[in-house]
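Understanding the architecture of this molecule
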Amino acid sequence: IRKVLGNEEFCMQIDAATDFAQGWDNLAVTQWMMTGNEYAVLSNVPMSDKEREKNGGDSSSVEVPRQCAIKIGSEGVPLFENIADGKAIGLTQPLLSATQSSPFAF
């Protein structure tokens with residue numbers, strides 16, 4: 001498999017309903033580099049096509065959906081919902097947090 005993949009540096013997890021914006025790959029690498037942390041994982045509830053259209057096609061909107069809540073299951077394991085329950089406004093760099101969103105992780 002390594003021969004097929006080459007010497008890749010990144011991996012990504014998405015769900016089946018994920019839409020991609022033009023230039024998403026370069027943007028993801030740029031945002032990951034902005035964290036200044038080689039162990040960082042970018043993870044967020046992705047913006048829908050409808051939300052992107054509302055912002056004039058701009059996926060780098062100043063208002064970003066954000067997953068804030070973490071529930072702890074009966075076994076003491078964190079349970080992350082796949083919904084955005086908040087938003088971050090006016091970010092100039094990635095926001096560090098303790099949440100993870102399964103629809104997108106890079």
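Residues numbered from 1 in each chain as written. Predicted model: local features only at pLDDT ≥ 70, side-chain atom pairs only at ≥ 80, totals over all residues. Heavy atoms only, no water.

The helix and strand inventory of the protein stands at three helices and six strands. Going through the 106 residues of the protein one by one, you find that 21% of them count as buried. In the protein, once contacts between residues fewer than 6 apart in sequence are set aside, the share between residues at least 24 apart is 52%. Surface exposure of the protein reaches about 7,900 Å², of which carbon and sulfur atoms provide 54%. (Helix = DSSP H or I, 4+ residues; strand = E, 2+ residues; numbered from the N terminus. Buried < 20%, exposed > 50% of the residue type's maximum accessible area, 1.4 Å probe, protein only. Contact = heavy atoms within 4.5 Å. Areas by Shrake-Rupley, 256 points an atom, 1.4 Å probe, with all protein chains shown as cover.)

It is worth spelling out the packing of aromatic side chains at this point. Applying the stated rule across the entire model yields two aromatic pairs. With centroids separated by 5.1 Å and ring planes inclined at 15°, the aromatic side chains of Phe10 and Phe106 adopt a geometry described as stacked. Taken together, the residues Phe10 in the loop between helix H1 (2-5) and strand E1 (13-14) and Phe106 in the segment after strand E6 (104-105) connect sequence positions 96 residues apart. Relative accessible area serves as the criterion here: at 36%, Phe10 is assigned to the partly exposed category. An aromatic cluster is defined as three or more aromatic residues linked by ring pairs; in this entry it consists of Phe10, Trp32 and Phe106. (Phe/Tyr/Trp six-rings, centres within 6.5 Å; stacked < 30°, edge-to-face > 60°.)

The next point concerns the confidence of the model for the protein. Of the residues in the protein, 75% have a pLDDT of 70 or more, and the chain-wide mean is 75. Mean pLDDT per element in the protein: H1 is the minimum at 60, and helix H2 (residues 24-34) is the maximum at 87. (pLDDT = per-residue confidence, 0-100.)

A few words on the environment of Leu95. Inspection of the secondary structure assignment puts Leu95 in the loop between strand E5 (86-89) and E6. A sequence separation of 53 residues divides Leu95 from Leu42, and the C-alpha atoms of the two residues are 9.2 Å apart. In this structure Leu95 touches Arg66 and Ala88, once residues within four positions along its chain are discounted.

Moving on to the nonpolar core. One finds Ala28, Trp32, Ala40, Leu42, Phe104 and Phe106 forming the largest nonpolar core, which totals six residues. Here Phe106 is in contact with Phe10, Cys11, Met12, Ala28, Val29, Trp32, Ala40, Val41 and Leu42, once residues within four sequence places are set aside. (Core = buried A, V, L, I, M, F, W, Y, C linked by side-chain atoms within 4.5 Å.)

Examined against the element boundaries, Thr30 turns out to sit in helix H2. Judged by relative accessible area, Thr30 falls into the partly exposed class, the value being 43%. Side-chain polar atoms of Thr30 contact the backbone oxygen of Asn26, separated by 2.9 Å. (Polar contact = N/O pair within 3.5 Å; in protein donor to acceptor, adjacent residues only side chain to side chain.)

With that settled, the discussion passes to the side chain of Thr35. Its location among the elements puts Thr35 in the loop between H2 and helix H3 (49-54). If we skip the residues at most four places from it in the chain, Thr35 touches Ala40, Leu42 and Pro94.

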